[in-house]
Structure formats: C-alpha cells, structure tokens
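# Structural description and commentary
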Amino acid sequence: MSIDLFFQYVVAGITYGTIYAVVAIGFNIIYNTTGIINFAQGEFVMLGGMTAVTFHQFLPLPAAILVAVLITTVIGALVEILFIRWLYQPSVLRMIIITIGLSILIRETALHIWGESVRSLPYFTGSSVTSIRFGGVYLSPQVLWVVGLCTLVVALLSVFFNYTLLGRQMRACAANRDAARLCGISAKNMVTLSFMLSAAIGALGGSVVCPITYVKYDSGTPLAIKGFAVAILGGLGNSAAAAGAGMILGALESFSISILPAAYKDAIAITILLLVLFVKPSGLFGSAEAARLKEF
Amino acid sequence: MGRRLGAGVLVLLGLMWLNVGAEAGEPIRIGAILSVTGPASFLGAPEARTLEMVVEAQNKKGGIAGRQIELIVKDSAASPEKAFSFAKQLIEENKVFAIIGPTTSGETMKIKGVAEEGKTILLSCAAAEVIVNPVAKYVFKTPQNDNHAILKIFEQMKKMKISKIGVLSSNTGFGNAGKEQIGKLAPENGLTILVNEVYDKDASDLTAEVTKVKAANVQAIVNWSIEPAQSIVIKNARQIGLKVPIFQSHGFGNIKYVETAGEAAEGVIFPAGRLLVADVLPKTHPQREVLVQYKKDYESRYKEEASTFGGHAYDAFIILLKAIEKAKSTDKEAVRAAIEQLKGVVGTGGVFNFSPGDHNGLDINAFEILTVKKGKFALLGK
Amino acid sequence: MRGRYLQLLGFTGLIVAIQLATQLTGNPYHLTQLTMSAYYSLLVIGLCLLIGYAGQISIGHAGFFAIGGYLSALLTTHDLSAYKGTALMWLAKAGVLSSRTGLYGGDLLTVHPWAACFVAVFATVGIAYAVGGPVLRLKGHYLAMATLGFGSIVYRIVLGSALVGAADGISEVPPFSLFPGLEVSGRAPLRVQNYYLAWGLVIAGMALLLNLVHSRAGRALSAIHGAEDAADATGIPTARYKLYTFVLSAAYAGLAGVLLTHFNGGIGPSEASIMKSIRYVAIVAIGGMANLWGALLMSLLLNYLSLRGYFGTYDDAVFGGILILIMLFAPEGLLRRHLPGELRRLFSRGDAEEAP
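For clarity, every value in this text was computed on a predicted model and none was experimentally measured. (Residues numbered from 1 in each chain as written. Chains lettered and ligands numbered in written order. Predicted model: local features only at pLDDT ≥ 70, side-chain atom pairs only at ≥ 80, totals over all residues.)

## Overview of the overall build of chain A
Of the regular secondary structure elements, chain A holds twelve helices and two strands. The helix and strand sequence of chain A, counted from the amino end, reads α-α-α-α-β-β-α-α-α-α-α-α-α-α. Taking 19 Å as the expected radius of gyration for a compact globule of 296 residues, we find that chain A reaches 19 Å, a close match to that expectation. Here the C-alpha coordinates of chain A stretch approximately 60 × 50 × 35 Å along the principal axes. For chain A, the proportion of its 296 residues judged to be buried stands at 58%. (Helix = DSSP H or I, 4+ residues; strand = E, 2+ residues; numbered from the N terminus. Rg over C-alpha atoms; globule rule 2.2 N^0.38 Å. Buried ≥ 20, exposed ≤ 12 C-beta atoms within 10 Å, placed from the backbone.)

See below:
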C-alpha cells in the first residue's frame, strides 16, 4: 500500500468517523441525563438534513440550516414531552422499546411527508468536484466543514457543561437525580433540555454531512446503529471518548476494504460492537466506575 | 378465555365477511405488487404512481373492451414473503387478470412458480435476466436486459479506445447481476477488468473504494448500481482527482441522482431508454410521441421529473392493453399467447418485439447513450 | 393443571372453527395467510417465553429464523450433481440425498428436506448456544444491543453472500414431503392440510411451553425475571436457565424458518432484517409480555392482517405505533384483566411525581 493510499484511507476514515461521532455524542447526552438510549437519534440526523433541504428552497443555505436545527430541536422536545416525560419509573426494557417505536414512527412519517426520493444540499464551499490536495491525497472542503463544525460543537458542549449554570445543573442531574432535585433543579426540565440538545446536534450533523452523501427518509436507522457502536466503544456517556472512538471505527471500516470485500464493511461496526460488549462493556476509554459516575 | 376465543372468532369471521370475494366480474381486475415503501421505494413508488395515472386515464377513455379497470396495488416493501402472500391473494382470491410487478428480482423469482401454477400473466418490473431465462409461459418482464446495456457501454468504450476498466457495483441484486454480466462479456469485447469492488448500498462515503480503483490505473470506471449510493461514487471519484470517464448503468435514469452528484455528474456516460431525452428526439422517431406524452402527464400530475423506473410499469400496462386488443378477448390464455406475438409495441423502455422464446422483447437498440450536460440529461454527441 | 388443557382444547376449537368458516363462506384463500401466520406465531411464542418469562429481551430473533430458513433452502436447492463420482456419495447411500427434476427440467441432486431440516435446526441451536453464552451475561441496553447486533450480522451475511443468492435470496425451494401424502407446500390444493399441519405444530409447541412454564423450571424462570440476584442467591443456576430458554426460543424460530421456507418456496434477506425482529417484539409486547396465549392470539391476528396487506403502506408504521402505544399505556400487554384499573392509576400517578 502506497503512502498516498494509506492517507486517503485515513481521510475516508475521518469523514465517516466524524459522522458517527456526532450521533454518538447525541446518544451520550441523553444517556447521561436520563439513562435512556435513544434509538431515535439517527432520525434526528435525518430530520435535520430533510428540513434543511426543504427550507433551502426559499432561504439561503445558512438560514435554512439554522431553521432546520431549530425545528428538529422543537421536535426533540416534543418527543420527550409527549412520550417520555410523564412515564412513572419506566423500566429499561420499556424505554428501549418506546424509542425503537419512535424511530420507526418518525421514519414512516418522513416517508409520507417527503416521499421516497433522495435529496441533498449544495456544498458549503465549492462544489462536488472541488477538492484540496495534500500531496497525493485529496480532501473535499466539505469534510473540513464536517470535522470543523463537529469539533466546535464538542468544544461548545464542553464549555456548556463545565462553565454555565444550566450545564452544571444537567451534570448534577446526571450524577444524582434526587440530590439535584433537593437543590431545586427541575429534573424534568433537564431531561427535556437533554433531548433538545441531542436533537440540535444531530440535526446540525445531518445538515453538514448532507452535501457529502445524501439524505433519504430511511438514512437515519443505519446511522443509529453505528453511532451506538461508537458510543459503546468509547464508553457510554463519555463524549470526548466518543469522538475518539468514532475516528477509530471510521479508520477500521475504511482500511477494512483492503482486506475484506466491501460488502461486509457494515458488519465491522457490528462486530466491534459485539466484541466490546462481550469483552469490556465499559468501552475502550471507560472504566466501570466512570460509567457509574456518568461524567460528560 | 372462552370470551376471548369467542371474540377472536367473531373478529376473524367479520374480517372475512368483509372480504367476501368475487363480485361477478364486470370490471377487469389488474393486480400490482410493488415496493411502494421500504428499501426499493425509489423504484416502486414511481411505478405505483405511473400505474394509477395510466389506469385512471384509460378508464376515462372507457376502459378496456368496454370494461372498467380495477387496479389493486399491494405494497410488498421488497419482502419476498409478502410478495408471495399477495400473489396468492391476487391470483386465487381476487382472480386478477394479470399482475404487474414485482419491483425487485428477488420477489419476482419467488412468485414465478405461483404465477405459473395460477396460470396468470405476470409482467415484472424487475431487471434480472433469470426472470425470463429460462422462459416461463406466463412470466414476462419490461425492463431492458443488463447484458444489452453493458454491450452498449462496451460499444461506446470501443469508440473511445478504452481497454482497461475498473468495475464498482452495489451489493444488491441489480449490482450483482451487472457485475456478473460485465465479467462475462468483457473479455470477448476486448476489455480487461483491472479492479472489481462491491460497495454497500447504504454507504455514506466511498472514497476508500474509488481510491483503490484509482491506484489500479484504469482508463474508465463502470459503476453499476440502481441505488442513490451511485451518486456518492461519482462525487468521491472526482474529489480524489480521478479524471477518467465514468460509465453508469441504466439505473442512473433519475434526475435526482444527477442533482445529488452535483457538478461531479457532468460528463457521466450511461445507456438509457429514450424517455429522459424525449424532447430532443427527432419528430419521426417512433417512440417520441409516447415518451413525450408520458413525461408530460407524469410531471404535471406528480410535480416531479419522470424517471425510467416508472416507465417500466407504464410499459407493462401498454403491453397488456395491446395484447388484449390483438387477442380481441379478455381470456387469459388468449392474451398470454397474444403477448408472445406482439411486435413493434412502443414503450418507454424501447420498442418491444416479443416471441415465445423472448419474454422481454427488447434488445440493444432500446438504449441510447446519454450523458449529463449542465445538470440535465442529454444525448452524447458523436 | 386442567385449565391448561382446556385452553389448548379451546384454541384447537378456534382453529377448526376458522377453517370451517372459510370453507362455508367459500373463502379458502385466507388459509394461505393464516398458515404463514402460524409459522410466524411459532417463533413468537418462543420469543414470548424468552422476553416475558425469562426477562431477556431479544431484538435479533429474526436472525435465527433466517439461519433455519436459509440453511434448509440452501441444502435443498444446491445441486450436488457435480460431486456424483466422489466420496460425497456416501451421503446418498445414507439416504440423505434426493433426486428430482428442477422447475425447468434437468436433474437435480439435492439434500432431502428431512435431512436439511435436521441440519438447519441443529445449526440454529448450535449457534444460539454459542452466541447465548456471552450475550446473556449482559443486561438491559447492552443485552438489547447485543441481540440487535447479532440479528444485524446475520442480515449482512445473507445479504452479502453470493452462495445464498445475496440480495435475491433463494427460490425454487421444493416442498417438504413429511410423509407420503402430506407435504409442506404453498400449492393451492394442499391448503387445508397445510393449515392444520402448521397450526397443529403451533399447538404442540404451545403445549410444550405451557408445561414448561408451569413446571419447576418455569417458576425458576419467573424468579430470574423478577429478581435475578435473589434467584441466584437461592441457588437457581440462572445462567444455565437463561441459556436454555434462549436456545429453546431459537429452536422454535429456526424450525419456523425451515417450514415457512418450504411453504413459500423460497426465502430472502428481508426475513433476517431488524424490522422483522422488531415486529416480533411488538407482537409479544401487545399480547402481554408474560402471556403466551396473548402473544399467540395477537400474532395470529396481526400477521394475518399484515400478510393480507390491510395496513397498506403503513405496515411498518403500525408496528412502530403498537410498540409505542403499548409501552406507554399498557406495558403488560392488551389482554390483561386489570388493564382499565392500571390505566386509571397510570394517569393519576403522573402528577404525583413532581412533588418533592
């Protein structure tokens, strides 16, 4: 394998990895605050892309994306309020099944609203043929947007959780719900906020990634599975680790095609998921105690 | 428990009673098993819309042989078991005259036996060659054969003096069939395949695959897929600086794929039915009238550009219509035999010429070599 | 104990009543969908045992169905004529192979459906045993995702492998001749016998499960479901019981796969998809997690409706909706006597949570 080919694989790995990391971070935020794995996370990403495309018909691109993120955030809040908020001490099993059901409903609704055809957004800078060249390696400027925006999001989240009152309240809620409530923090609102944040991040990720790939009513589901694999790989609840784990999975998938037929590439994510679950469920970067602490 | 049983019996009886079958048939029942939702919805949904449109139009004109047409569309979501169940339902219970569909080859192969046993005409909208080879009495298909599309591409490659190619295909029935045919036909047409990659239809980035192809120093790429992922291949290929000609399959015939690929789609070459360039066909071309009419009707009704996919269902319906006219009866056996005698039926996929040994009716002339210019389909200039 | 047999008898009566009803109203066509529904129900009751009684969720059971179905399809369609002169022919001497003419003429030498069935179910059980060990050590989300992952891998493998037809699946699977005169096949003249065959099998399967549930093993399972650590502490070998339940439910699924494949005459990758697994869970949920009869009746009804296309293009949405509605309002399922009371309590409790 030439050095150029090697780095091209690395670039492909980073592209995938960032997409997965975004979904995984969304999982983590909700998981930390509520202990729920939100199977509908992939759908938030899809909704972001779809609404952005629809609004791009009358608005300039940045405005369309902003509107898409806002709308998806509202949908995230609605999902929480309508389906989750008023449940009394639901069991883990129940929550898994509810979010799976939600994922299906959102997907089918998207099908009946937008139809079955594919859509995409124009590239933020340049077009589908422009690329930046580093030696023998080519990179689309959109990849830089994806990586850049996601890094920005992770940084902002970090600031949010560590330095703002609201962020700290959410962390308090995650650490010990009852104690938080005794301090006057409304646990219920924190939960809603976590859904809104997750939805917003997912939607932004979906819009940013849309030019590179495409968005279709069912593009959410495969993402959710991979995103979950990444979240588990990094250690459930740990967002910085999720970013790293995303890169690792992306790289593994990317390099896998030099050994395996490309048709089995998807199976790699799942195999890794199973391996992690069997060997070290707390993930690569996690430990059993950290999992319990549920730090962001 | 007894109450529950009783309730259960009543519910089922009620459902069956509501279903109580055959009204003595004035209308002609045509069944359609299409993948309106699910993984093949980008094929099945346009097909379903097309059928509804043409059946309505035909009914306004008085139906067939004075009888109104009743179209029963079943959504199989690309599940062979559902296709099986619907096929049995349509044939045995609804006693349909013919079935149009299914959308995918896998489903068609599963119900081939059912159609034969039920002696019902099946006009499949799926592309696999095995549907009509070996020939089964009642089973026909309207999409063009892959090998003709491939031969058309090879024709063009010969003109462009290309001899070394790289093949990328998706991991679906269509992709696999294409890959197999290309592998078979390449050597006898003077082409060497230097690299052969299969990609997942749900992939979001195929840079790694196209990088592999680039490393093999090919003179052209053949990208065989009917799914949206084919657009990603084109984009990634151009992004990594691969400047060689890209040939697509006839599964590229949907303007949405061009839009998704953006600028990268410029100059892509592919064989397709003439529907996509209907407006620029010479006025004397036998297909022009039918194509322009279909395009106009579809686009004005559904506010989206017509694709070759919907055209397969249109062709199936037209063939049925013409066969009934020719047989001058609505007896299934007579119409089936009539289909085999049809010649020169103008459809969207091409001009059909059936025979007892050829249940597809199209050949390499069904195809035109098209390209993409300024984001629109255009004929490839000489 | 008598109650159980009465229930089985009652259900048998229902099955017969339905068949007679179809005969009297002149609608024997419904039997096709009802028969297919029976095979899915075989899987569902096994799954109900696992989820409801042993408390282990599995969102990948369609994988076992597919393993059973694909193996029997592969063995009964793969032409071994090429090996005619070789050592493989000891199989023929053992009576395991069968010669027949294919759909288009031409001789085919394939494995006999009985042998194929044994191999398929055996393999399914073996895989369940191997996978179950590590998977069942997990709990909650991790267990759910592991089973989801298993189902996903099976799907990917059958979708990507040319040997099993890749995306097109396997077709032209021959009917399964159980005894001379009785065969599993979808052909119209054989509708009634296939209907009774399928449902007879389901009733037998139910009887087995009911006996299991009311036995010591069943009580142990309930204990594991209720409080696994406590059950462990009282000396119940929880890991072993969970594994056996898992394997048993996989066996049911595999057998269902084999028989339905012969009935349909083929199988495709969609049978292994995640949506299918989710459907089965939805049916178990709406029937009542720990309610075998509920799951069976709901399976009969819902699969029948889905196979007849009642839900139209909303098929998937219906099952998604069922999942949500049941989990929100009736987590113990629909067919429960205490349902109205529970609903009332559910709505009034919602306000009490906010008070500190």
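## Here's the deal with the overall build of chain B
Scanning chain B from terminus to terminus reveals twelve helices and 14 strands. For 382 residues, the compact-globule formula gives about 21 Å, and the C-alpha radius of gyration of chain B, at 22 Å, lands near that figure. With respect to the principal axes defined by its C-alpha atoms, chain B has extents near 70 × 60 × 40 Å. Here chain B holds 382 residues, and 58% of them are scored as buried. Within chain B, contacts between residues separated by at least 24 positions form 66% of all contacts whose residues are at least 6 apart in sequence. (Contact = placed C-beta atoms within 7 Å.)

## Considerations on the interface of chain B and chain C
Listed as interface residues are 41 residues of chain B and, on the opposing side, 41 residues of chain C. Secondary-structure elements contributing two or more residues to the side of chain B that touches chain C are helix 1 (2–18), strand 2 (69–75), helix 3 (80–93), helix 4 (105–117) and helix 6 (173–185) of chain B. Broken down by element, the residue count for the side of chain B that touches chain C peaks at ten residues, all from helix 3 of chain B. Grouping the amino acids of the side of chain B that touches chain C by side-chain chemistry returns 16 nonpolar, 15 polar and ten charged. (Nonpolar A, V, L, I, M, F, W, Y, C, P; charged D, E, K, R; others polar.)

## Remarks on the domain arrangement of chain B
Residues and elements named next belong to chain B. Under the domain assignment, chain B is made up of domain 1 (27–144 + 297–363) and domain 2 (146–272). On a C-alpha basis, the centroid separation for the pair domain 1 and domain 2 is 29 Å. The partner domain 2 presents twelve residues to the 13 residues of domain 1 that form the contact. Taken together, the residues that form the side of domain 1 that touches domain 2 break down as four nonpolar, six polar and three charged. (Domains from an automatic or database assignment.)

## Observations regarding the nonpolar core
A229 of chain A, A87 and I100 of chain B together with I45, A256 and V284 of chain C are the most contacted members of the largest nonpolar core, which totals 335 residues. Once residues within four sequence positions are removed from consideration, I45 of chain C is found in contact with G205, M206, L209, Y252, L292, A295 and L296 of chain C. (Core = buried A, V, L, I, M, F, W, Y, C linked by C-beta atoms within 7 Å.)

## Describing the pairing of strand 7 (residues 192–199) of chain B
With seven bridges joining them, strand 6 (residues 164–170) of chain B and strand 7 of chain B adopt parallel strand pairing. If you follow G166 of chain B over to strand 7 of chain B, its bridge partner there is V195 of chain B. (Pairing = 2+ DSSP bridges.)

## Side note on the interface of chain C and chain A
Chain C puts 32 residues into the contact, and the matching count from chain A is 30 residues. Among the elements of the structure, helix 6 (140–160), helix 11 (274–287), helix 13 (315–329) and helix 14 (339–352) of chain C are those that each provide at least two residues to the side of chain C that touches chain A. In terms of residue count, the dominant contributor to the side of chain C that touches chain A is helix 6 of chain C (eleven residues). Of the residues that constitute the side of chain C that touches chain A, the class distribution is 20 nonpolar, eight polar and four charged.

## As for the sheet that holds strand 4 (residues 121–124) of chain B
Residues and elements named next belong to chain B. Reading across from one edge, 2-1-3-4-5 is the order of the five strands in this open sheet, with parallel pairing throughout. The open sheet terminates on both sides in strands that have one partner only, identified here as strand 2 and strand 5 (139–141). Strand-to-strand twist across the sheet, computed as the mean angle between neighbouring axes with direction ignored, equals 20°. Sheet topology places strand 1 (residues 28–34) next to strand 3 (residues 98–100); three bridges connect them, and they run parallel. Residue pairing in the sheet places A32 in a bridge with I100 of strand 3. The strands that helix 2 (residues 41–60) touches are strand 1, strand 2 and strand 3; relative to strand 2, the one it contacts most, it runs at about 170°. (Axes fitted to C-alpha atoms, helices over the stretch in contact; angles between N-to-C directions.)

## Thoughts on unusual backbone geometry
Residue and element names in this part refer to chain B. Along the chain, G101 connects to P102 via a cis peptide bond; the corresponding omega equals -5°. The topology assignment puts P102 in the loop between strand 3 and helix 4. Between N133 and the following residue, P134, the backbone shows a cis peptide bond with an omega angle of 10°. Relative to the elements of secondary structure, P134 occurs in the loop between strand 4 and strand 5. In the Ramachandran plot, A65 falls in the positive-phi region, its phi being about 50° despite a non-glycine side chain.

## What to know about the pairing of strand 4 (residues 176–179) of chain C
Sheet faces and side chains relate simply in a regular strand, where the side chains alternate between the two faces. Residue and element names in this part refer to chain C. For strand 4 and strand 5 (residues 182–184), the ladder comprises three bridges, and the chain directions are antiparallel. When the bridges of strand 5 are listed, F179 appears paired with L182. Where strand 4 folds back on strand 5, the antiparallel hairpin that results is connected by two residues, among which G181 adopts a positive phi of roughly 100°.

## Digging into helix 1 (residues 3–34) of chain A
With 32 residues, helix 1 of chain A should cover 46 Å at 1.5 Å per step; its first-to-last C-alpha distance of 45 Å lies within 8% of that length. Where burial is concerned, most of helix 1 of chain A is hidden: 26 out of the 32 residues are buried. (Expected span 1.5 Å × (residues − 1).)

## Remarks on the packing of helix 1 of chain A against helix 10 (residues 239–256) of chain A
Residues and elements named next belong to chain A. Direction vectors running N to C along helix 1 and helix 10 enclose 140°, while the axes themselves pass 6 Å from each other. Here helix 10 runs oblique to helix 1, going by the angle between their axes. When you trace helix 1 past helix 10, the crossing you get is right-handed. Considering only residue class, the contact of helix 1 with helix 10 consists of 16 nonpolar, eight polar and one charged. (Parallel < 35°, antiparallel > 145°, perpendicular 65-115°, else oblique. Left-handed = near helix turned anticlockwise from the far one by under 90°.)

## A look at the confidence of the model for chain B
In the predicted model, chain B carries a mean pLDDT of 88, and 93% of its residues have values of at least 70. Low pLDDT, under 50, characterises residues 19–25 of chain B; the predicted model gives this stretch six contacts beyond four residues in sequence or across chains. (pLDDT = per-residue confidence, 0-100.)

## As for the environment of G17 of chain A
Residue and element names in this part refer to chain A. Tracing the backbone shows G17 in helix 1. For G17, a count of 28 C-beta atoms within 10 Å corresponds to the buried category. Along the backbone, G17 and A245 are 228 residues apart, and their C-alpha atoms lie at a distance of 7.9 Å. Other than its neighbours up to four places away in sequence, G17 contacts G246, M247, L249, G250 and A251.

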